[in-house]
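# Survey of secondary and tertiary structure
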Amino acid sequence: MEDVLFWADSKARKITEREKFHYIDKDIPEFDKLTIKTSASISGVLHIGRLSDTIRADSVCIALQEAGYDVELIWVAEDMDPLRKIPEGVPQKFEEYIGMPVTSIPDPWGCHSSYAEHHVSPYFEVIQEFVRTDIKGYSMREEYTSGNFTHYIKEILENQNQAIEILNRYRQKPIPQGYSPFVPICENCGKIITTRVDKYEEGKVYYSCQDYKFEKYTAKGCGHIGIADPLKDMGKLMWKSEWAAQWARWRVVSEGAGKEYIVPMSAWWVNSEIAEKILGFPMPVPIFYEHLMINGEKMSASLGNVVYPKDWLEVAPAQLLRFFYNKKLMKTRSFSWQELPRLYDDYDNHARVYFDLEKVGSEKELKHMRRLYEISQLDTAEKPNPLPFSHAAMVASVYKEKDDIISSLEKSGHYREEMEEYILRRVEYARVWFEKYAPEIKSFLIDDLNEVREKLSEEQIRFLGKLGKVVSSSDMSGEELQQKIYEIAQELEVPLKAAFQSIYLVTLGKAYGPKAGMFLASLPRKWVIKRLEEAAS
RNA sequence: GGGCCCGUAGCUCAGUCUGGCUAGAGCACCGGCCUUUUAAGCCGGGUGUCGCGGGUUCAAAUCCCGUCGGGCCCGCCA
């Protein structure tokens, strides 16, 4: 049997070769199709970090499919979750909805049927662009409403004592009396987090609606005292048992989970035990992964570093994010906009290896690189792009017109007619990246000429003086300026390199910079004239 | 108290799972070339106690044990 090098293939093998349940001595049942679940809580921000779960689940789907199995990828909107904070852009008066299921809250923007729907529908549409497998979507709210979970609620309630026994083994303080794994929605105010169950008796939960404190906001309870029937009334299972019920309901064989679930006391293992011992369904094969970091920080709305899927698609294709996530599973993936060009280079390198255009040290590494590239594709594998992203950014920063871009690329040898679309697409990705995320390379003009004065040679000073006169005498376009620079350098017999360097030195303080004519033309003319005169004096 | 990840060139990392050529890449850096692509290109240069200490082995960056440093995480939430 061939060695399995790629993590998704090894997960696939684990899924198909396991024989026994994890906690009990029972045989794994037959599955006519293998279902992998991915989901997202709607109370949070749907950024690209959430795609990690989905993309990785998709990779395992692909691996299984290629191994000859029928697969299904499902995405579940955890929309019975209560709203726990007021996100940016949402009116402060929505504070009254804190604690209410996101599906019961009106859309603050008024364009969808609910708060949840407003976030779910665009997100669900965009995630399909990042995966190869067709995703089937579900809503927990609908699941509960249509009674698909009633059976599991019943099972768990009937085995209440065993459930409590399991839960207790995972906690320091035992479960208080009157505990119910089912939490009702308050029949009076419609909130779900505020209903405190006081007792569970003869198939009914007795609750009172009390304040619940989230990190920042408090869900106000209405004080209502009520009785709910878990099999009839609206409500949901607690997280520790709901997950188990979800696995059983969709016959999930594998699901992704953040690395925080690896710890022995986490909800993953509690749910697994409940699923196996109470619901008779085997623990899925976990796909634990590290979280995405951006600039070494967690991605969060409060830090203002959130990247949405559509932001990503403006600067890079979906394949690139797939590649990023597929590279490694258990390794902190830190991303920053600054390193996007490097990610592109890495991707291009894998493409060249995939198409046999580049050699790699070991056979092992070669296989791994090919598999990684292949699984990161959406349909047919993209041919290696001859245009490095950093160069694309440079070209985009100087030229706007298609013809200018092509002629520049022809001269630099990055152009292939048969790949024109792919190449130009990259220039446009690079343009957005350059304009939105790379202000730091857009140059910092030095404030004080004295920083670099010593570095200027006699001939450079002469050159700058002449250039200053020319600039002040007439208002020229970037192209004309570029031409003048050559002419002046020739006239004064200053080597071109020295001439260009002197321009960058007195502006950016560095020996290099963007195409000089365009660059100077883009700066305030008065400033340029003053600076050149200063340099020459 | 416990778990996971990381520690390899100046920087960012690959290579570790599955031990095997002289430990690699990109960037940066140094030297050279380029009179109309000066954030570009071409040629040449590797700058290293693979965190540290043991062990296993013919062979260790890779496996095992220990240790130090950094990051993240262990709920009555989901």
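Please read these numbers as outputs of a predicted model, since none were measured by experiment.

What follows covers the overall build of chain A. Helix and strand content of chain A: 21 helices and 15 strands. Expected size for 537 residues packed as a compact globule is a radius of gyration near 24 Å; at 30 Å, chain A overshoots this value by more than 25%. The principal-axis extent of the C-alpha atoms belonging to chain A is close to 100 × 60 × 40 Å. For chain A, the accessible surface area stands at approximately 26200 Å², while carbon and sulfur atoms represent 49% of it. Put simply, chain A has 71 plus and 83 minus side-chain charges, and the middle of one group is 4 Å from the middle of the other.

Time to look at the sheet that holds strand E9 (residues 225–228). With antiparallel pairing, the three strands of this open sheet are ordered in space as E5-E6-E9. The sheet is open, and its two borders are formed by strand E5 (195–201) and E9, each paired with just one other strand. Direction aside, the axes of adjacent strands within the sheet are offset by 25° on average. Here strand E6 (residues 204–209) runs beside E9; their pairing, made up of four bridges, is antiparallel. When the sheet's bridge partners are listed, Val205 is paired in E9 with Ala228.

Applying the stated rule across the entire model yields 29 salt bridges. Salt-bridge contacts for Glu143 lead to Arg249; the nearest nitrogen and oxygen are separated by 2.6 Å. You can see Glu143 sitting in helix H4 (residues 140–145) and its partner Arg249 sitting in helix H7 (residues 239–250), a full 106 residues away along the chain. Under the relative-accessibility criterion, Glu143 is labelled buried at 5%. For Arg249, a relative accessible area of 23% gives the class partly exposed. Ionic pairing is found between Glu314 and Lys436, a salt bridge with its closest N-O pair at 2.9 Å. One end of the pair, Glu314, is in helix H9 (residues 309–315); the other, Lys436, is in helix H15 (residues 420–437), and 122 residues separate them in sequence. Linked through salt bridges whose partners overlap, the residues forming this network are Asp9, Glu66, Arg371 and Glu374.

Quick look at the side chain of Arg18 now. Within the secondary structure layout, Arg18 lies in the loop between helix H1 (7–17) and strand E1 (34–41). A distance of 2.8 Å separates a polar atom in the side chain of Arg18 from the backbone oxygen of Met283. In this view, Arg18 contacts Ile28, Phe31, Val253, Pro282, Met283, Pro284 and Val285; residues no more than four positions away in its chain are not counted.

Strand order across the open sheet formed by five strands is E3-E2-E1-E11-E12, with parallel pairing between neighbours. Strands at the two margins of the open sheet, each flanked by one partner only, are strand E3 (135–139) and strand E12 (285–289). Here the average twist between neighbouring strands, direction ignored, is 25°. Relative to E12, strand E11 (residues 252–258) is paired through five bridges, and the arrangement is parallel. Residue pairing for E12: Ala257 is matched across the bridge by Phe288. Its contacts with the sheet place helix H2 (residues 48–66) against E1, strand E2 (71–78), E3, E11 and E12, and it is angled at close to 175° to E1.

This next bit is on the side chain of Arg426. With respect to the secondary-structure elements, Arg426 resides in helix H15. Owing to a relative accessible area of 3%, Arg426 belongs among the buried residues under this scheme. For Arg426, the contacting residues outside a window of four places in its chain are Tyr344, Asp348, Asn385, Leu387, Pro388, Phe389 and Ala392.

So, on to the confidence of the model for chain A. The pLDDT averaged across chain A works out to 86; a share of 95% of its residues lies at or above 70. Here strand E15 (residues 333–335) stands out as the element of chain A with the lowest mean pLDDT, 69, in contrast to E3, whose mean of 96 is the highest. Under the prediction, the complex receives an ipTM of 0.83, its pTM being 0.88.

We now examine the packing of aromatic side chains. Summed over all chains, the structure comprises 25 aromatic pairs. Arranged with centres 5.0 Å apart and planes meeting at 55°, the rings of Phe94 and Tyr97 form a pair that is tilted. In this pair, the class of Phe94 matches that of Tyr97, namely buried. Ring plane angle 40° and centroid distance 5.1 Å describe the contact between Trp243 and Trp247, whose orientation is recorded as tilted.

Rules used throughout
- Residues numbered from 1 in each chain as written.
- Chains lettered and ligands numbered in written order.
- Predicted model: local features only at pLDDT ≥ 70, side-chain atom pairs only at ≥ 80, totals over all residues.
- Heavy atoms only, no water.
- Helix = DSSP H or I, 4+ residues; strand = E, 2+ residues; numbered from the N terminus.
- Rg over C-alpha atoms; globule rule 2.2 N^0.38 Å.
- Areas by Shrake-Rupley, 256 points an atom, 1.4 Å probe, with all protein chains shown as cover.
- Lys, Arg positive; Asp, Glu negative; His and termini not counted.
- Charge placed at Lys NZ, Arg CZ, Asp CG, Glu CD.
- Pairing = 2+ DSSP bridges.
- Axes fitted to C-alpha atoms, helices over the stretch in contact; angles between N-to-C directions.
- Salt bridge = Lys/Arg side-chain N within 4 Å of Asp/Glu carboxyl O.
- Buried < 20%, exposed > 50% of the residue type's maximum accessible area, 1.4 Å probe, protein only.
- Polar contact = N/O pair within 3.5 Å; in protein donor to acceptor, adjacent residues only side chain to side chain.
- Contact = heavy atoms within 4.5 Å.
- pLDDT = per-residue confidence, 0-100.
- Phe/Tyr/Trp six-rings, centres within 6.5 Å; stacked < 30°, edge-to-face > 60°.

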